[in-house]
Every structure is written in structure tokens, then in C-alpha cells.
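This is what each chain is made of:
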Amino acid sequence: MTSIIRSALFVGSLFVYGATCQRPTSTTTTTIPWTGTSVTSTTITPCTGPATVVIETPFPTTTCPPAPPPIRPAPCEVEIGCGASGLNIDYYQNPVGGYGSGNLPPSYYITEGLSPLDSSLTNVTFFPQDTTPEDPVGWTRETNGGITVNANNFTLVYSGFYRAPSTGVFTLCSSADNENDIFFGRGNAFGCDTGEPSPNVEPLVVSRGGNFVNPIICTDVFLVQGRYYPVRNVMGNFGGPSAFDFTIWEPEIPFEDRTNDFTGDVYPLSCRWLF
Ligand SMILES: *[C@@H]1O[C@H](CO)[C@@H](O)[C@H](O)[C@H]1NC(C)=O
Ligand SMILES: *[C@@H]1O[C@H](CO)[C@@H](O)[C@H](O)[C@H]1NC(C)=O
Ligand SMILES: [Ca+2]
């Protein structure tokens, strides 16, 4: 180290020695971003020409508000060996101007003690936007699990268990015409032992849409590989066209590759642990 400095001084002194030094009359400024926390400046005074002022500034860092830590929903046990035969899907009556319009809460089908008009299983939580036909009398549409509904007004409840395929932060997203509410985790989606939902819980996500504008609303959850998480979507159309998409965005994949096809990863309520 010492010898390097010495030789630098030596070279420098040779240089100085061999040149005609003049005081600089102007300066040029060079700004170098660096990772330090303060601004420092160095003036390089050459023998001729303008001095160079080197200003080292910290990298501009965007100040984001600290992200809230993702919630950790509680899983349930399920019966060992129970097959991934899909989520339960139940079709309920929804009055025109009812759930999805803000006039009825997502618990209305529980508190009113409604019986499903139809029930099935599905691995898919998506059906595309439709439009009102010219003659809407008797208008129907296909949804999931082979269930065909009165297209103008209906509610579908998707419930069961999602087996987390890895450990990390997952993102639950949905969009709907007119509303989808996501309930997730033990107690929130339903009770582990009964499989019954509570009318007194708040959804993790409320997504509302209509008039062919259905914003995607998301929330992060921290899940553990191999655990079975209760999930319940309450989707309602209070009138006119309808659409629905519920996706889970797994860790380490692009947002575009999030899925609404849970083949092999979802289990019906009947898989719950029976003591
Ligand atoms: C559609 O709305 C009408 C009027 O509110 C209601 O009587 C009917 O039960 C609803 N049908 C479904 C499938 O929700
Ligand atoms: C869901 O996927 C599983 C695994 O492939 C399959 O066994 C089951 O029949 C599927 N369920 C439905 C409703 O398609
Ligand atoms: Ca609608």
C-alpha cells in the first residue's frame, strides 16, 4: 500500500514537475450516484483547464410507506387421504337489487337460512363477462361445476380447502360483476369442525364491479406448504350481465401466471376433519 502511494506521489510529482501549473478559472461538475447516505464533494485541480468538482450523492431512493406484513390465516386439518375433488359451489337466490348492490351483506344467504337452488363441485373459479341478450326473458348462463343460473340475478358460494403448494406470500385476488367477497382462513371462511360459515365475519377482500368495469382487488396472505386453508367466495349478480374471477397468485411466479384453475389443490367441505 505504502509503495503504491509512494509511486503515485512519484508519478504525480514527475507530472507536476514536467507541467506548467495554472490555477483553474472555471470548474466542471460531475455527479456520481453512490450508495452512501451523505453527499460528499471532491475538487480535482488539474494543472491546466477547469477544475473538476466531483459530487457523490446518495442514490435516489423511493420512499414507500412500509408494507403491512401479510396476515397469517389459520389452516384446518382435513381427513387423511381425502381427494382433491374440488370446491363446493352452491347457487342461491338473490333478489334483483340485492347482494352486489350494497343493499344486502354477503351473509344474507346465511342469516335468511336459504337453501341452495343447486350444488356441485368445481376446480375453476372463473366465468367470463356476458352481455344482456336482446330478449332477456328466461335468460340463463353457465357458471362453474355445470351449474346454470338465472343470468340476471343470482349468488354463488364457492367453499372448501386450498392446500398451499409452497410456503410464502400468496396473493388472493378477485373481480366480479357485481360483487365477490373473499373469506379465508379458519373462522373467517368457516369453522374447521362444522364447515359452517359465520355471518359475523369481515371479508379479506371485497371486489365490486359492473357496467363492464370490474377492478381486480387483492390481498396478501402468508401460507405454509401442505396446510389446508379454508376459503369461501361469495359472488353475487344483482341484475344484468355478470362476470367472476377468483385467483391465487403463488410466490415466485409472475402476476400474469396466477391461476383460477385449482385442479389438484382444492378440497370440498366434506374433507373436513371429523372427530
Ligand atoms: C331474481 O330476482 C327475482 C326478483 O327479485 C326473485 O324473485 C328471484 O327469486 C331471483 N332469482 C334468483 C335465481 O336469484
Ligand atoms: C378436480 O380435479 C381433481 C384432480 O384432477 C379431479 O379428481 C376432480 O374430479 C376435479 N373436480 C371436478 C369437479 O372437475
Ligand atoms: Ca350485473
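Everything quoted here is computed from the prediction, not taken from an experiment.

Undergrad: Before we go on, may I ask you to explain the site of ligand 1 in this structure?
TA: The local shell around ligand 1 consists of Gln93, Asn94, Pro95, Val96, Asn150, Asn153 and Phe154. A class-by-class count of the residues in the shell around ligand 1 yields three nonpolar, four polar and no charged.

Undergrad: How should the site of ligand 2 be read in this particular structure?
TA: Every residue lining ligand 2 is accounted for by Ala84, Ser85, Gly86, Leu121, Thr122, Asn123, Gly145, Thr263 and Gly264. Residue composition of the shell around ligand 2, grouped by class: two nonpolar, seven polar and no charged.

Undergrad: For this particular structure, what's the right way to read the nonpolar core?
TA: Within soluble globular proteins, side chains that are nonpolar tend to cluster in buried spots. Core analysis: the largest hydrophobic core is formed by 47 residues, its most contacted members being Leu156, Phe161, Tyr162, Leu172, Phe184 and Tyr229. When residues in this core are grouped by element, the largest group, six residues, is from strand S9 (residues 154–163). In this structure Leu172 touches Ile182, Phe184, Leu204, Val205, Cys218, Thr219, Val221 and Ile248, once residues within four positions along its chain are discounted.

Undergrad: When you look at the sheet that holds strand S6 (residues 126–127) in this model, what are you seeing that I'm missing?
TA: Strand-to-strand pairing in sheets goes through backbone hydrogen bonds, with the strands running parallel or antiparallel. Spatially, the four strands line up as an open sheet ordered S6-S15-S10-S13, and their pairing is antiparallel. Each edge of the open sheet is held by one strand with a lone partner, namely S6 and strand S13 (217–223). Here seven bridges tie strand S10 (residues 168–177) to strand S15 (residues 243–249), and the two strands are oriented antiparallel to one another. Along S15, the bridge assignment pairs Cys173 with Thr247.

Undergrad: Explain unusual backbone geometry to me, please; I cannot follow it from the model alone.
TA: Negative phi values dominate among residues other than glycine, just as trans dominates among peptide bonds. At the junction of Asp177 and Asn178, the peptide bond is cis and its omega measures out at 15° in the coordinates. Note on placement: Asn178 falls in the loop between S10 and strand S11 (179–184). Positioned with a positive phi, Phe212 is a non-glycine residue whose angle comes to about 65°. Its location among the elements puts Phe212 in the loop between strand S12 (205–208) and S13. One non-glycine residue, Glu252, lies in the positive phi region at around 65°.

Criteria and cut-off values
- Residues numbered from 1 in each chain as written.
- Chains lettered and ligands numbered in written order.
- Predicted model: local features only at pLDDT ≥ 70, side-chain atom pairs only at ≥ 80, totals over all residues.
- Near = placed C-beta within 6 Å.
- Nonpolar A, V, L, I, M, F, W, Y, C, P; charged D, E, K, R; others polar.
- Core = buried A, V, L, I, M, F, W, Y, C linked by C-beta atoms within 7 Å.
- Buried ≥ 20, exposed ≤ 12 C-beta atoms within 10 Å, placed from the backbone.
- Helix = DSSP H or I, 4+ residues; strand = E, 2+ residues; numbered from the N terminus.
- Contact = placed C-beta atoms within 7 Å.
- Pairing = 2+ DSSP bridges.

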